[in-house]
Amino acid sequence: MKAQRLLACAVAALDLACAVPALAQEGFPGGSVVAAVEQLKPGEFLWLPEIAPDGPILLIVSVASQRAILYRNGVPIAVTTVSTGRQGYRTPTGVFTILQKHVEHFSSIYDNAPMPYMQRLTWKGVALHGGQLPGYPASHGCIRLPHAFARLLYGVTALGMTVIVTDAPALPRLAPTRDPLPMADSARGGAQWHPERALSGPLSIIVSGADRRVVVLRDGREIGAAPVEFSAPVTATSAYVRRTDAQGRPVWLAVLPGEATGSNDADPDWSRFRVDPAFRSAVAAALVPGTTVVVTPDSLAPGAPVDLLDAEPPR
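From a predicted model like this one, the values you see are computed outputs, not experimental measurements.

Reading the values: the criteria
Residues numbered from 1 in each chain as written. Predicted model: local features only at pLDDT ≥ 70, side-chain atom pairs only at ≥ 80, totals over all residues. Heavy atoms only, no water. Pairing = 2+ DSSP bridges. Helix = DSSP H or I, 4+ residues; strand = E, 2+ residues; numbered from the N terminus. Axes fitted to C-alpha atoms, helices over the stretch in contact; angles between N-to-C directions. Buried < 20%, exposed > 50% of the residue type's maximum accessible area, 1.4 Å probe, protein only.

A. Geometry of the sheet that holds strand β6 (residues 100–102). Spatially, β6-β7-β8-β9 is the arrangement adopted by the 4 strands of the open sheet, whose pairing is mixed. Edge positions in the open sheet fall to β6 and β9 (143–145), since each of these has one partner strand only. Each adjacent strand pair in this sheet contributes to an overall mean axis angle of 15°, direction not counted. Here 2 bridges tie strand β7 (residues 118–120) to strand β8 (residues 127–130), and the two strands are oriented antiparallel to one another. Counterpart to Gln119 in the pairing with β8 is Leu128.

B. How the structure looks around the environment of Ala225. Note on placement: Ala225 falls in strand β14 (residues 221–230). Look at Ala225 and you get buried, because its relative accessible area is 1%. Each C-alpha atom of the pair Ala225 and Ile206 lies 9.4 Å from the other, and the pair is 19 residues apart in sequence.

C. Main features of the pairing of strand β3 (residues 67–72). Summarising burial for β3: 6 of the 6 residues are buried, a large majority. On β3, burial covers both faces: Arg67, Ile69 and Tyr71 on one face and Ala68, Leu70 and Arg72 on the other are all buried. Across 6 bridges, the pairing between strand β2 (residues 57–62) and β3 is antiparallel. From the neighbouring strand, Leu59 faces β3, where its bridge partner is Leu70. Judged from the 6 bridges that link them, β3 and strand β4 (residues 75–81) form a sheet pairing that is antiparallel. Residue pairing across strands places Tyr71 opposite Pro76, the latter belonging to β4. Counting the residues in the hairpin turn of β3 and β4 gives 2 residues, including Asn73, whose phi is positive at 55°.

Geometric values such as these leave the question of function open.
Okay, structure coming up:
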């Protein structure tokens, strides 16, 4: 059965590549990502890394559809089925970073259960790993992946990589990061910028409409924060990935909600966010291909009525 499913995936990949001549240039155009996701059976996946051979990685997991899409340099290169937390062990939605990686890992909570190719999202037991996929939520909160996909994913990810877990129509929440900057500082009106706290690694920017605040993360660590004003209320969550187009020009691709557009015309209107000019300039200078921006109406403050997770490592 497993061999048949893998063969089905290979055939589907070939069919998809033949059906879309511009695949190598445009990723999954024409809604083909949606079509591919809908056709997958439990335990199946598509892995087409040649579509975008290089660039930063972003993973978006949908609890509602039990599917995930992997982006590289803003281009979707893989889709997979998943199994998230069952009733009583709900997988939290949010914006996470990979905190730890182990090829061979065993649960310290659930009877030493194997968690191959584990990639930790929280220090309280939520991780990506290979496991059984029955076609519905069945885990204790982790995100189970097909074993072969878990191995392939493990080979292309890095610590600090952004993972977005969403459950439409619920909106993503932000899991607090290691070593956060004091919220009181930015609440008093001062912008904070400390790039020395993480000199390299994936860059993520979170804009909260509820807090009227922007937070900048690099390698999973908060390196900046500032008050922000909006020309219009933030009513829905959106996410963007920065990449370069065929001409080498920077472009933002919308990846949540919907799919990457690859069009300069779809660039978000950053002018609607008013922030300290020096802070804006510092952030602009730090932008690199693969930078993720999430705009959400949710609050990021401690005590907010959302599922905030303790991302501090155990002592």
